[in-house]
Amino acid sequence: MFATRHMKHWSMAPGIKSVLSGSTRPCRSSLASFSSYSNQQQPPPLMAYPSYSIYGENGLLGMKLLSPRFKISSTNVMTLPPKERGRIMFEWIPKDANGRLNVDKTAAMRFALSAEEIGLLLDQLPENGVSFYRKSRQFDSEYMLDVEPGQPGTQTDPDKVCHVTPGEAGLVTFLCDFELNGEGGQLPPPGEASAQGPMQITAQAGEFQVMREILRSSIPQLVGWQQMTQIAMQRAFDRSLAESTGQY
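Everything numeric in this text was worked out from a predicted model, so none of it was measured.

Enquirer: Honestly, the overall build of the protein chain in this entry has me stumped. Any pointers?
Expert: Helix and strand counts for the protein chain come out as six helices and ten strands. Sorting the 248 residues of the protein chain into buried and exposed places 31% on the buried side. In the protein chain, the proportion of contacts linking residues at least 24 apart, taken out of those at least 6 apart, comes to 55%. Working note: accessible area of the protein chain is about 16,800 Å², and carbon and sulfur atoms make up 55% of it.

Enquirer: I keep staring at the confidence of the model for the protein chain and nothing clicks. Help me out?
Expert: As a note on interpretation, predicted positions should not be read in detail where pLDDT is low. Residue-level pLDDT values for the protein chain average 82, and 75% of them are 70 or greater. When the criterion is pLDDT under 50, residues 1-13 qualifies, and its contacts beyond four places in sequence or with other chains add up to two contacts.

Enquirer: Help me understand the packing of helix H4 (residues 115-124) against helix H5 (residues 205-222), please; the structure alone is not making it clear to me.
Expert: In a packed pair of helices, the relevant descriptors are the angle between the two axes and the axis-to-axis distance. Remark: H4 packs on H5, axes separated minimally by 9 Å, with the N-to-C direction vectors making an angle of 150 degrees. Considering their axes alone, H4 and H5 lie roughly antiparallel with respect to each other. Like other packed secondary-structure pairs, H4 and H5 cross with a definite hand, here left-handed. In this structure, H4 contributes Ala115, Ile118, Gly119, Leu121 and Leu122 to the contact, and H5 contributes Arg212, Leu215, Arg216, Ile219 and Leu222. In the contact of H4 with H5, the residues fall into seven nonpolar, one polar and two charged.

Enquirer: Is there a simple way to think about the pairing of strand E10 (residues 199-203) in this case?
Expert: Each regular strand shows side chains that alternate between the opposite faces of the sheet. Of the two faces of E10, only the one carrying Met199, Ile201 and Ala203 is buried; Gln200 and Thr202 on the other face are not. Pairing geometry for strand E9 (residues 172-179) and E10, over five bridges, is antiparallel. Its bridge partner lying in E10, Thr173 is registered against Thr202.

Enquirer: What exactly am I supposed to notice about the pattern of salt bridges here?
Expert: Side chains that differ in sign of charge can pair as their charged atoms come close. Applying the stated criterion across every chain, the model contains six salt bridges. Here Lys64 and Glu91 are joined by a salt bridge, their closest N and O atoms 3.0 Å apart. Of this pair, Lys64 sits in strand E2 (residues 59-66) while Glu91 sits in strand E5 (residues 87-94); the two residues are 27 residues apart in sequence, bridging distant segments of the chain. For Glu91, a relative accessible area of 9% corresponds to the buried category. A salt bridge links Arg85 to Glu116; the shortest N-O distance between them is 3.2 Å. Of the two residues, Arg85 is situated in the loop between strand E4 (78-79) and E5 and Glu116 in helix H4; the sequence distance between them amounts to 31 residues. Using a relative accessible area of 27% as the deciding quantity, one classes Arg85 as partly exposed.

The rules behind each value
- Residues numbered from 1 in each chain as written.
- Predicted model: local features only at pLDDT ≥ 70, side-chain atom pairs only at ≥ 80, totals over all residues.
- Heavy atoms only, no water.
- Helix = DSSP H or I, 4+ residues; strand = E, 2+ residues; numbered from the N terminus.
- Buried < 20%, exposed > 50% of the residue type's maximum accessible area, 1.4 Å probe, protein only.
- Contact = heavy atoms within 4.5 Å.
- Areas by Shrake-Rupley, 256 points an atom, 1.4 Å probe, with all protein chains shown as cover.
- pLDDT = per-residue confidence, 0-100.
- Axes fitted to C-alpha atoms, helices over the stretch in contact; angles between N-to-C directions.
- Parallel < 35°, antiparallel > 145°, perpendicular 65-115°, else oblique.
- Left-handed = near helix turned anticlockwise from the far one by under 90°.
- Nonpolar A, V, L, I, M, F, W, Y, C, P; charged D, E, K, R; others polar.
- Pairing = 2+ DSSP bridges.
- Salt bridge = Lys/Arg side-chain N within 4 Å of Asp/Glu carboxyl O.

Structure below.
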């Protein structure tokens, strides 16, 4: 009797009332509350920015991944156009007057290498040096790569260059500059958000071996081979599984 009188004073939630009344269907207010709670608890997408840096006497040399830009067709087919392939961006960041890294973007110099250029670099070093050139006004501001022709610079605009030179005891020097007729130290062309060169950082033997392995392993990623191969193999597996009769 006591229990019966006590239950009259309970204030049950709408969802609980539905269960006790014999209904297994949650009420709308309970579903709305649960959905709102779930949406609030969802974490943001996980982000990552692969990079590797080495420090020199005058600044820092960083390597950053510029991810490929895949395309999805109307028939749900993934492709990677050659001009949308990934790159490895080299960035020279100098020190300021106080010996600290200069965080001003216009104080740095940047040069991005394609998968093919990375392959050439790995093939030539450490026996030979290698140089890369970008014609003035013919490179994308982000990727620093040649774009469509028809935008030539003037004869007085310098080219952006990257010289990679091996030294003794496994040392490798990375230099970025603006050159005109073979002479470096030129001012950046108009519209180029970059510092005046030259800037150079020398990697120690151990540091270059790390850079070498990163560059080598990045090549399949830059051209989209690994990503699209995984999709193709999964598709082939699903097709085989669907067509299988369970007999060899």
